[in-house]
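Tertiary structure, described
Listed below, chain by chain, are the residues.
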Amino acid sequence: MNAIANRAPVSPPISSDDPGFALYVHWPFCLAKCPYCDFNSHVRSAPIDETRFINAYRAEIRHRAQIAPGRVVRSIFFGGGTPSLMKPQTVQAVIDAVAEAWTIADDAEVTLEANPTSVEAGRFRGYRAAGVNRLSVGVQALNDADLRALGRKHSADEALAALDIAATIFRRYSFDLIYARPGQSLIAWRAELGEALKRGSEHLSLYQLTIEPDTIFERLWRAGKLRLPDPDLARSLFDATQEIAEAYAMPAYEVSNHARSGAESRHNLVYWRYGEYAGVGPGAHGRLLTPTGRRAQSTEKHPEMWLTQVEADGHGLIENDLLSAEEQGDEFLLMGLRLREGVDPKRFEALSGRPLDKRQIKTLALEGFVVEDETGRLRVTPLGAPLLDSVVADLAA
Ligand SMILES: C[S@@+](CC[C@H](N)C(=O)[O-])C[C@H]1O[C@@H](n2cnc3c(N)ncnc32)[C@H](O)[C@@H]1O
Ligand code: SF4
């Protein structure tokens, strides 16, 4: 059964106060581990038992629906790892289980993260038939030398071919690039970004390379074998990214995410607008609204241990904690101030039980790090954006 074709005709209102309910599904496997990546992704030599995974996803979806019954699902996101290694039938089975547990909104966004090898592009049509209506493709770089340095298993031509296939099958698709790569010059990035923007996708994720703990890149960097752009060049790369994307009518609506107006990722907006979401699969996170309050949930990260726990207990949760009012206020600021639209201080007050400190806002505004608009919303300025964490710490203090 195609659950999306049989969804209920419900289209709930969406606003920054009510961003709706979303489901994240984590697929924890990749063909190889990229040297910069610290996501919950694992490489296995033996084939994955997808039937076992389907049954475990089903059990977790039923479990979350018992905690948060009657929801209208506005978005489903298959993230990883590399979800484009899943069989389309597995994706279909998960979507069917969601339709049985909750109501899938008429206009639900169903995204799948894909790696752009030719083999995976061959499965795109199957995902569309299963109900996926938006693809997020991990291109990372548009030249082969940098793709090799990033440990990627695809060439630039293969990635562009995968984007062409995505564009014929999906009305909505996005792709990711990583910049501030070792040895990358400003001129080279400007040219590469221009090339990317000329493809005309409605959405682009542009991430500055970060050195994550316990990755091969971290070891190389500590050993002095990885030369990253210095802070001035990194800032110039960031500024050029904003300027060029804006010239193509793809402004940042979040620190690293650019979209045409109306083409923002609804799924990520649920996180950043501090909405409600369930997470299933190894290492998935959720924030569910229960009669006792907002709960922070996360599951066992190790794939086989997650399977074993779900088979024994019907869920893989290892964390299921009520969040205090203060914690909710902090999370709300940390997420919401990533967005260009900023946050509504009244919602902070409703969540945390206390107003934002007006003097602190004034100090940060005088320093040029935040602005309050005429409606009272608070936003971080381009000057404050690279200092987001400390701005949030000052506001939350
Ligand atoms: C879950 S990952 C990738 C999905 C898919 N497996 C892939 O590699 O294309 C989501 C995105 O995070 C970004 N990313 C991962 N590690 C990063 C890092 N250390 N610095 C910057 N971006 C990173 C990449 O652009 C990647 O596409
Ligand atoms: S970047 Fe993507 S493909 Fe590479 S290890 Fe991370 S999740 Fe896997």
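What counts and what doesn't
- Residues numbered from 1 in each chain as written.
- Chains lettered and ligands numbered in written order.
- Predicted model: local features only at pLDDT ≥ 70, side-chain atom pairs only at ≥ 80, totals over all residues.
- Heavy atoms only, no water.
- Near = heavy atom within 4 Å.
- Nonpolar A, V, L, I, M, F, W, Y, C, P; charged D, E, K, R; others polar.
- Phe/Tyr/Trp six-rings, centres within 6.5 Å; stacked < 30°, edge-to-face > 60°.
- Helix = DSSP H or I, 4+ residues; strand = E, 2+ residues; numbered from the N terminus.
- Buried < 20%, exposed > 50% of the residue type's maximum accessible area, 1.4 Å probe, protein only.
- Lys NZ or Arg CZ within 6 Å of the ring centre and 35° of its normal.
- Arc of directions from axis to C-beta.
- Contact = heavy atoms within 4.5 Å.
- Core = buried A, V, L, I, M, F, W, Y, C linked by side-chain atoms within 4.5 Å.
- Polar contact = N/O pair within 3.5 Å; in protein donor to acceptor, adjacent residues only side chain to side chain.
- Areas by Shrake-Rupley, 256 points an atom, 1.4 Å probe, with all protein chains shown as cover.
- Salt bridge = Lys/Arg side-chain N within 4 Å of Asp/Glu carboxyl O.
- Pairing = 2+ DSSP bridges.
- pLDDT = per-residue confidence, 0-100.
- Right-handed = clockwise from strand over helix to strand, strands pointing away.

Details of the site of ligand 2
Around ligand 2 sit C30, A32, K33, C34, Y36, C37, S41, G81, T82, N115 and R152, and that is every residue in its neighbourhood. Among the residues forming the shell around ligand 2, the class breakdown is five nonpolar, four polar and two charged.

A look at the packing of aromatic side chains
Within the structure shown, the criterion is met by 13 aromatic pairs. Ring geometry for F53 against Y57: centres 6.0 Å apart, planes inclined by 50 degrees, an arrangement best described as tilted. One end of the pair is F53 and the other is Y57, both in helix α1 (residues 50-67) and four residues apart, which spans about a single turn. A residue is classified by how much of its surface remains accessible, and Y57, at 0% relative accessible area, is buried. Members of the aromatic cluster, connected to one another through ring pairs, are W27, F29, F53, Y57 and W306. Positioned above the aromatic ring of Y274, the side-chain terminus of R294 is 4.0 Å from the ring centre.

Remarks on helix α15 (residues 388-396)
Among all positions in α15, only L388, V391, V392, L395 and A396 are buried. Taken around the axis of α15, the buried residues stretch over an arc of 125 degrees, which confines them to a single face. Buried residues in α15 make contact with α12 (325-336), α14 (358-366), β13 (370-372) and β14 (378-380).

Concerning the nonpolar core
In this structure, F78 and F124 are the most contacted members of the largest nonpolar core, which totals 68 residues. F78 has contacts with V25, P83, M86, V91, V94, I95, V110, T111, L112 and E113, leaving out every residue within four places of it along the chain.

Observations regarding the site of ligand 1
The immediate surroundings of ligand 1 are formed by 17 residues, with G81, N115, Q140, R152 and D176 found nearest. For ligand 1, a nitrogen atom lies 2.9 Å from a polar atom in the backbone of T210. In isolation ligand 1 exposes 560 Å². Once the protein is present, 92% of that is buried. Across the shell around ligand 1, the residue classes tally to five nonpolar, eight polar and four charged.

Overview of the pattern of salt bridges
Pairing between side chains of opposite charge can happen when their charged atoms approach one another. Applying the stated criterion across every chain, the model contains 17 salt bridges. Residue R52 pairs with E311 through a salt bridge whose shortest N-O separation is 2.8 Å. Here E311 lies in helix α11 (residues 303-313) and R52 lies in helix α1, a separation of 259 residues in the sequence. We classify R52 as partly exposed; its relative accessible area is 30%. According to the relative accessible area criterion, E311 is partly exposed, its value standing at 47%. Measuring nitrogen to oxygen at the nearest pair gives 2.8 Å for the salt bridge that ties R287 to E331. Placement of the pair is R287 in strand β10 (residues 285-290) and E331 in helix α12, with a sequence separation of 44 residues. Residue classification places R287 among the buried residues on the basis of a relative accessible area of 13%. The network of salt bridges with shared partners includes E109, R172 and E202.

Notes on the pairing of strand β9 (residues 276-280)
In the case of a regular strand, side chains alternate between the two sheet surfaces. In terms of burial, β9 is a largely internal element, five of the five residues being buried. Direction of pairing for strand β1 (residues 21-27) relative to β9: parallel, over a ladder of five bridges. When the sheet's bridge partners are listed, F21 is paired in β9 with E276.

Considerations on the confidence of the model for the chain
For the chain, the mean per-residue pLDDT works out to 93, and 96% of the residues sit at or above 70. Within the model, pLDDT remains below 50 along residues 1-14, and this stretch shows 36 contacts once partners closer than five positions in the same chain are excluded.

Comments concerning the pairing of strand β6 (residues 203-208)
As judged from the six bridges shared by strand β5 (residues 172-179) and β6, these two strands associate in the parallel manner. Paired with L177 across the bridge in β6 is L206. Handedness of the crossover is the feature at issue here: the chain leaves β5, passes through helix α7 (residues 186-198), returns alongside β6, and the resulting connection is right-handed.

Some remarks on the side chain of E300
In this structure, E300 sits in the loop between β11 (293-299) and α11. Here E300 is in contact with P282, G283, M305, W306, Q309, G316 and I318, once residues within four sequence places are set aside.

Quick look at unusual backbone geometry
Of the consecutive residues G80 and G81, the connecting peptide bond is found in the cis state with omega at 20 degrees. Mapped onto the fold, G81 is located in the loop between β2 (72-80) and α2 (88-101). The residue D214 is not glycine, and still its phi comes out positive at about 60 degrees. Here D214 is to be found in the loop between β6 and α8 (216-222). Taking relative accessible area as the criterion, D214 reaches 70% and is therefore assigned exposed. Positioned with a positive phi, A249 is a non-glycine residue whose angle comes to about 60 degrees.

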